Amino acid sequence: MDQIKGAQSIMFREAPYLISAASVAGSKEADGPIGKLFDVTDKDDLFGAQTWEEAESNMQKEACVLAAGKAHVDLKKIRYLFGGDLLRQGIATSMGVEALQIPMFGLYGACSTSGEALALASMSAAAGYGGTMIAVTSSHFGSAEKEFRFPLGYANQRPLSSHWTVTGSGAFLVQSAEEYRKQNTKSYFSNIRITGVTVGKIVDYGVKDSMNMGAAMAPAACDVIYHHLLDFERKPEDYDKIITGDLGKVGKEILIKLLREKGIDIAEIHTDCGIEIFDCEEQGTQSGGSGCGCSAVTLSAHFLKQVEKGALKRILFVPTGALLSTVSFNEGQSVPGIAHAIVIEHA
């Protein structure tokens, strides 16, 4: 029980290591500000498949294989897989990782799924439920537009508050401290630990505009960041960066305002993966990027490399999710949000 912190958090007694990560991204992402950092990109967003959904599955499988290969870990040695996506019944994940034959937990936290997966993988590793875990998420612009908005052939107009779903998949290998000591020389990353997590609550401010995900998710991000700082008895300046997942330009402004109302100012250290991954003006992505793959590939390709080098000593990674479905939206329901906070540190 000594690992429990405050109302919603865990601080690991023996923090697990994040030993490897891999990113697979689409053509628009490759043209963005961090495009050269992704492990694999393809000019054909179908990735050799016949459908968007199959392409997303291929991306997940490729990301898992890449992450394991980087750390010289046999896929058969991975104890559990935690994975999810945006599609109905999580088919991108189940059909993508089926061939890997790793015992799997299928997850859904909308665009916050990478945080949920990393939290559960690190909790399981720290608890001794296995030596090595893998967390993977994905999204695809084509499959998400078809399911949640309009088929691409409609060529519909997008409001300035809307997000551009990232075509990408990110996978992360998490290893217990005990297992890491056995495999120390083989890790791709050698200096990264997940030292704590704060599990978020569902927060609903009554937003019903499915084209304004930033407004729907910002209150949940505010809530989890606020409670994280309370639970860990920390201040924003204890972090080099606080990185939200998919708020975009609109959500970022709302988040900063909501936290200031609570006496917390993160403006100087905050950034958002949805803003980092695209040049919104040049690439026409409105408010920024979103999707399960957005925060996953941005963390994998961009931020973790800075943590490994020591340029960032401690970051708070806060993927955000809008918990809507086509059913709830068509029935006039509001869009609740959720966010989870992961403490990632240079070891």
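Up top you'll find the structure we're talking about.
As the structure is a prediction and not an experimental result, all values here were calculated from the model.

Asks: Teacher, can you tell me more about the layout of surface pockets here?
Replies: Over the atoms rolls a probe the size of a water molecule, and its path tells where empty space is left. Put simply, the largest pocket is a space of about 250 Å³. As for the largest pocket, its lining consists of 15 residues, and the residues nearest its centre are A125, A126, G128, S176 and E178. Listed by contribution, the elements that provide at least two residues to the lining of the largest pocket are α4 (113–126) and α6 (177–183). With four residues, α6 is the largest single contributor of residues to the lining of the largest pocket. In the lining of the largest pocket, the residues fall into five nonpolar, five polar and five charged.

Asks: Could you clarify how one ought to interpret the pattern of salt bridges in this entry?
Replies: It is possible for side chains bearing opposite charge to pair when their charged atoms get close. In the structure shown here, the tally under the stated rule is five salt bridges. Among the salt bridges present, the one from R260 reaches D265, with a minimum N-O distance of 3.5 Å. In this structure R260 comes out as partly exposed when scored by relative accessible area, which is 47%. D265 gets classed as partly exposed once you look at its relative accessible area, which sits at 46%.

Asks: Mind showing me how you'd approach the pairing of strand β7 (residues 132–139) here?
Replies: The side chains of a regular strand alternate, residue by residue, between the two faces of the sheet. Across the eight residues that make up β7, a large majority, eight, are buried. Both strand β5 (residues 80–84) and β7 contribute to a ladder of five bridges, which runs parallel. Residue pairing for β7: L81 is matched across the bridge by I134. With eight bridges connecting them, β7 and strand β9 (residues 168–175) associate as antiparallel partners. Each bridged residue has a counterpart across the sheet, and for A135 the counterpart in β9 is F172.

Asks: For this particular structure, what's the right way to read the side chain of D231?
Replies: With respect to the helices and strands, D231 occurs in helix α7 (residues 213–232). In this structure, D231 is buried with no salt-bridge partner, the nearest side chain bearing the opposite charge being K5 at 8.6 Å. Reaching out from D231, the side chain makes a polar contact with the backbone nitrogen of A7 at a distance of 3.0 Å. Within the local environment of D231, its side chain forms a polar contact with the side chain of S9, the two groups lying 2.7 Å apart. When near neighbours in sequence (up to four residues on either side) are disregarded, D231 contacts K5, G6, A7, Q8, S9 and T198.

Asks: I'm lost on the pairing of strand β3 (residues 17–25) in this one. Help?
Replies: Most of β3 is tucked away: nine of the nine residues are buried. With eight bridges connecting them, β3 and β9 associate as antiparallel partners. Each residue of the ladder has a partner; that of V24, found in β9, is S169. Sheet analysis places β3 next to strand β4 (residues 40–41), joined by two bridges and oriented parallel. The residue of β4 that forms the bridge with A25 is T41.

Asks: Would you explain the nonpolar core in this entry?
Replies: Judged by nonpolar contacts, the single largest core of 43 residues is most densely connected at L118, I194, L299, L304 and I344. Broken down by secondary-structure element, the contributors of at least two residues to this core are β3, α4, β7, β9, β10 (192–198), α11 (292–309), β14 (314–318) and β17 (341–346). When residues of this core are assigned to their parent elements, the largest contribution, eight residues, is made by α11. Beyond its immediate stretch of four places on either side in the chain, I194 contacts F12, A15, P16, L18, L118, S122, V174, I342, V343 and I344. Counting residues in each nonpolar core, the second largest holds 31 residues, with V207, M217, L258 and I266 among its members.

Asks: Could you clarify how one ought to interpret the environment of V65 in this entry?
Replies: Structurally, V65 can be placed in helix α2 (residues 52–70). Between the alpha carbons of V65 and L100 there is a distance of 8.6 Å; along the sequence they are 35 residues apart. Excluding anything up to four places from it in sequence, V65 contacts L75 and L100.

Asks: I'm lost on α11 in this one. Help?
Replies: Note that an α-helix has 3.6 residues per turn; residues three or four places apart therefore point the same way. Between its terminal C-alpha atoms α11 stretches 26 Å, which fits the 26 Å expected from 18 residues at 1.5 Å a residue. The sharpest bend along α11 measures roughly 45° and falls at L299. Within two residues after α11, G310 carries a phi angle of roughly 90°, on the positive side.

Asks: How do you make sense of the packing of α7 against helix α8 (residues 248–261) when you look at a structure like this?
Replies: Each pair of packed helices can be summarised by the angle the axes make with each other and by the distance between the axes. Interaxial distance between α7 and α8 falls to 8 Å at its minimum, and their mutual angle equals 40°. Relative to α8, α7 is oriented oblique. Taken as a pair, α7 and α8 cross one another with a handedness that is right-handed. Contacts between α7 and α8 involve G214, A215, A218, P219, A221, C222, I225 and Y226 on the former and, on the latter, G251, I254, L255, L258 and L259. Within the contact of α7 with α8, the residues separate by chemical class into 11 nonpolar, two polar and no charged.

Basis of the calculations
Residues numbered from 1 in each chain as written. Predicted model: local features only at pLDDT ≥ 70, side-chain atom pairs only at ≥ 80, totals over all residues. Heavy atoms only, no water. 1 Å grid on protein atoms, 1.4 Å probe; cavity = no way out; pocket = protein on both sides within 12 Å on 5 of 7 lines; lining within 4 Å. Points joined across faces, edges and corners; volume = space filled by probe spheres on them. Helix = DSSP H or I, 4+ residues; strand = E, 2+ residues; numbered from the N terminus. Nonpolar A, V, L, I, M, F, W, Y, C, P; charged D, E, K, R; others polar. Salt bridge = Lys/Arg side-chain N within 4 Å of Asp/Glu carboxyl O. Buried < 20%, exposed > 50% of the residue type's maximum accessible area, 1.4 Å probe, protein only. Pairing = 2+ DSSP bridges. Lys, Arg positive; Asp, Glu negative; His and termini not counted. Polar contact = N/O pair within 3.5 Å; in protein donor to acceptor, adjacent residues only side chain to side chain. Contact = heavy atoms within 4.5 Å. Core = buried A, V, L, I, M, F, W, Y, C linked by side-chain atoms within 4.5 Å. Expected span 1.5 Å × (residues − 1). Bend = angle between axes of the 7 residues up to and from the residue. Axes fitted to C-alpha atoms, helices over the stretch in contact; angles between N-to-C directions. Parallel < 35°, antiparallel > 145°, perpendicular 65-115°, else oblique. Left-handed = near helix turned anticlockwise from the far one by under 90°.

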